[in-house]
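# An overview of the molecular structure
What follows is the residue order along each chain.
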Amino acid sequence: HYRKGRFSLSEKVIPLIIQKDFQNKLHINFIKNTIESEFDKHSFGFGNKAGKGKIKDIEILIPVDKKGDFDLHAQKKIEKKYQKVADIKSAINLELDKISKTKINL
């Protein structure tokens, strides 16, 4: 989760701190969604905790431009696609919720 302000750290809450040199080169929501997507591939959960030892070697792909610098424009473009998928999932869940609450009289 993306959190602002103060929060408590625990085995479930490991902060990702973006160094100042990269803050203007990385789109935070792109990074968040890319990390979540990559973590899904590793089946982390109750029996398989995503501790520091397990996540330290996980690589995430970040688009770069022709010069080899992080491509902020490409990150934003990909993030829009992540958001569109999230919006579609939300709309589907709302419709399924309506269907599940429908009463049928026989």
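What you are looking at is a predicted structure, and each value in this text was computed from that prediction instead of being measured.

### Notes on the overall build of the chain
- Within the chain, the regular secondary structure consists of three helices and zero strands.
- In the chain, the succession of α and β elements from N to C terminus is α-α-α.
- The C-alpha atoms of the chain give a radius of gyration of 18 Å, which is well past the 13 Å a tight globule of 106 residues would have.
- Dimensions along the principal axes, computed over C-alpha positions, put the chain at roughly 65 × 35 × 30 Å.
- Across the 106 residues of the chain, 13% fall into the buried class.
- Contacts in the chain between residues far apart in sequence, at least 24 positions, make up 54% of those at least 6 positions apart.
- Accessible surface for the chain amounts to roughly 9,600 Å². Of this, 55% is attributable to carbon and sulfur atoms.

### Regarding a nonpolar patch on the surface
- Among the surface-exposed residues, I88, I92, L96 and I99 lie close enough to one another that they form a single nonpolar patch of about 390 Å² accessible area.
- Tracing the chain through its elements places L96 in helix α3 (residues 72-100).

### Digging into the side chain of E79
- With respect to the secondary-structure elements, E79 resides in helix α3.
- Lacking a salt bridge, the buried E79 has K32 as its closest oppositely charged neighbour, with an N-O distance of 7.4 Å.
- Apart from the residues within four sequence positions on either side, E79 is in contact with H27, N29, F30 and N33.

### Remarks on the environment of F7
- The topology assignment puts F7 in the segment before α1 (28-40).
- The residues contacting F7, other than those within four sequence positions of it, are V13 and P15.

### Considerations on the pattern of salt bridges
- The tally for this structure, following the rule as stated, stands at five salt bridges.
- Here K41 ties to E38 by a salt bridge, and the two come within 3.2 Å at their closest N and O atoms.
- Of the residues examined, E38 reaches a relative accessible area of 19% and is grouped as buried.
- Between K101 and D97 there is a salt bridge, and its shortest N-O distance comes to 3.2 Å.
- What makes K101 exposed here is its relative accessible area of 60%.

### Observations regarding the environment of K81
- For K81, the location among the structural elements is in helix α3.
- When the C-alpha atoms of K81 and F30 are compared, they prove to be 9.9 Å apart, with 51 residues separating the residues in sequence.

### Side note on the confidence of the model for the chain
- Residue-level pLDDT values for the chain average 88, and 97% of them are 70 or greater.
- Across the chain, the secondary-structure element scoring lowest on mean pLDDT is helix α2 (residues 52-55), at 80, and the one scoring highest is α3, at 96.

### Notes on α1
- Between its first and last C-alpha atoms α1 spans 18 Å; for 13 residues at 1.5 Å apiece the expected length is 18 Å, and the two agree.
- For α1, the set of buried residues is F30, I31, N33, T34 and E38.
- Turning to α1, the residues buried within the fold contact α3.

Criteria and cut-off values
- Residues numbered from 1 in each chain as written.
- Predicted model: local features only at pLDDT ≥ 70, side-chain atom pairs only at ≥ 80, totals over all residues.
- Heavy atoms only, no water.
- Helix = DSSP H or I, 4+ residues; strand = E, 2+ residues; numbered from the N terminus.
- Rg over C-alpha atoms; globule rule 2.2 N^0.38 Å.
- Buried < 20%, exposed > 50% of the residue type's maximum accessible area, 1.4 Å probe, protein only.
- Contact = heavy atoms within 4.5 Å.
- Areas by Shrake-Rupley, 256 points an atom, 1.4 Å probe, with all protein chains shown as cover.
- Patch = residues over 30% accessible without salt bridge, like charges linked within 9 Å, V, L, I, M, F, W, Y side chains within 5 Å.
- Salt bridge = Lys/Arg side-chain N within 4 Å of Asp/Glu carboxyl O.
- Lys, Arg positive; Asp, Glu negative; His and termini not counted.
- pLDDT = per-residue confidence, 0-100.
- Expected span 1.5 Å × (residues − 1).

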